[in-house]
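# What the coordinates show
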Amino acid sequence: MIETKMSELAELERLQTQILYRIAKLELLILPPSNNSPNKDLPTTTEARLSAVLVDSGVKDFSFKRVPSDYYDWSFEARRDILGAASIHHLCKSIVLVNTQAASNITDCSDRQNSKYYVVVVQYTARFMRLAPEEISHNLTGFEHNGVTCVGMKTDIPVILDEAIVKLNPDFFWLGGGEIDLKLGIRTSEFINFAKPFIVNCSGS
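Attention here is on the structure that accompanies the text. (Residues numbered from 1 in each chain as written. Predicted model: local features only at pLDDT ≥ 70, side-chain atom pairs only at ≥ 80, totals over all residues. Heavy atoms only, no water.)

## Focus: the overall build of the protein chain
When helices and strands are counted, the protein chain shows six helices and seven strands. Order of helices (α) and strands (β) in the protein chain, N terminus to C terminus: α-α-β-α-β-β-α-β-α-β-β-α-β. (Helix = DSSP H or I, 4+ residues; strand = E, 2+ residues; numbered from the N terminus.)

This is how it looks when you write it as structure tokens:
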């Protein structure tokens, strides 16, 4: 019974996200563009913009949720409950790493196989972290610390997905949604189709 209600709620949230996306696109058609807007062809809110990126890429099973401003002070269990995640291991994060093995002439992300930077998606419960400096992360992704996501980044950074996330059951996990208090839940298979990540056992789990 509880699983059925959770499934129905998830479906409603998915539909709500797609409705927000359509509204945002309609607003773009009706409202005159602002001369101060650097992205006049994009929806105005982070949620609508990232929803547009996902929908246009064929992703169907995803949802966004707002969380309280003190979310990162909460226990993993409390975060799990507010997101309706299946377990604390379904709570993940996107972090920008520097490829320290890259040659000195490699300075950008144009070569997926030998990129200067990679976005790595790992579980919060994994013991893995070697971050790029926050300023570099922001410049590359366009997102602040704790809001980093691999959807709609400023730079097309290759993505690495921790193998442990692929093994999660159910196959629906949560990660940053572009703002500190916005989270994105997505079906693992659809994330893989969207992000085309390298799948690596990078956390030792």
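## Section: the sheet that holds strand β5 (residues 172-179)
A sheet is described by the order of its strands in space; here three strands give the open sequence β1-β6-β5, paired in antiparallel fashion. Each edge of the open sheet is held by one strand with a lone partner, namely β1 (62-66) and β5. Shown here is a sheet whose adjacent strand axes are inclined to one another by a mean of 30 degrees, direction ignored. Looking at chain direction, β5 and strand β6 (residues 182-187) are connected through six bridges and run antiparallel. In the strand pairing of β6, G176 is matched with K183. The strands touched by helix α2 (residues 46-56) are β1, β5 and β6; relative to β1, the strand with the most contacts, the crossing angle is about 170 degrees. (Pairing = 2+ DSSP bridges. Axes fitted to C-alpha atoms, helices over the stretch in contact; angles between N-to-C directions. Contact = heavy atoms within 4.5 Å.)

## Focus on the packing of aromatic side chains
Aromatic ring pairs are defined here through the distance separating the ring centres and the angle between the ring planes. Counted according to the given criterion, the structure contains seven aromatic pairs. Judged by centre distance (6.2 Å) and plane angle (45 degrees), the rings of Y71 and W74 are tilted. Aromatic pair F172 and W174: ring centres 5.9 Å apart, planes at 70 degrees, arrangement edge-to-face. By relative accessible area, W174 is classed as buried at 4%. (Phe/Tyr/Trp six-rings, centres within 6.5 Å; stacked < 30°, edge-to-face > 60°. Buried < 20%, exposed > 50% of the residue type's maximum accessible area, 1.4 Å probe, protein only.)

## Notes on the nonpolar core
Taken as a class, soluble globular proteins show a tendency for nonpolar side chains to be buried jointly. In terms of nonpolar packing, the biggest core is built from 31 residues, with L54, V121, C150, F173, I186 and F191 touching the most fellow members. Of all the secondary structure elements, the ones that give two or more residues to this core are α2, β1, β2 (92-98), β3 (117-123), β4 (159-162), β5, β6 and α6 (188-195). Among all residues touching I186, those that are not within four sequence positions of it are L54, V59, D61, F62, D171, F172, F173, L175 and F191. Counting residues in each nonpolar core, the second largest holds eight residues, with V67, Y124, F172 and W174 among its members. (Core = buried A, V, L, I, M, F, W, Y, C linked by side-chain atoms within 4.5 Å.)

## Some remarks on the sheet that holds β4
Here we have four strands laid out as an open sheet, ordered β2-β3-β4-β7, and mixed in their pairing. Single-partner strands in this sheet number two, and they are β2 and β7 (198-200). Taking the axes of each pair of neighbouring strands and ignoring which way they run, one obtains an average angle of 30 degrees across the sheet. Sheet topology note: the β4/β7 ladder contains three bridges and is parallel. The residue of β7 that forms the bridge with L161 is I199. Along the sheet, α6 makes contact with β3, β4 and β7, crossing β4 at roughly 160 degrees.

## Here's the deal with empty space enclosed by the protein
Tallied over the full model, the rule gives one cavity of 30 Å³ or more. Looking at the largest cavity, its volume works out to about 50 Å³. In terms of residue count, the dominant contributor to the lining of the largest cavity is β5 (three residues). For the lining of the largest cavity, the class distribution of residues is eight nonpolar, one polar and one charged. (1 Å grid on protein atoms, 1.4 Å probe; cavity = no way out; pocket = protein on both sides within 12 Å on 5 of 7 lines; lining within 4 Å. Points joined across faces, edges and corners; volume = space filled by probe spheres on them. Nonpolar A, V, L, I, M, F, W, Y, C, P; charged D, E, K, R; others polar.)

## Overview of the pattern of salt bridges
A complete count under the given rule lists six salt bridges for this structure. Between R66 and E179 there is a salt bridge; the shortest N-O distance is 2.6 Å. With R66 in strand β1 and E179 in strand β5, this residue pair connects regions lying 113 residues apart in the sequence. (Salt bridge = Lys/Arg side-chain N within 4 Å of Asp/Glu carboxyl O.)

## Comments concerning α6
Here α6 has its buried residues at T188, E190, F191, F194 and A195. Projected down its long axis, α6 carries its buried residues within an arc of 160 degrees, all on one side. Buried residues along α6 sit in contact with α2, β3, β4, α5 (163-166), β5 and β6. Directly beyond the C-terminal end of α6, a positive phi value near 50 degrees is found at K196. (Arc of directions from axis to C-beta.)

Purely geometric numbers; function is a separate question.
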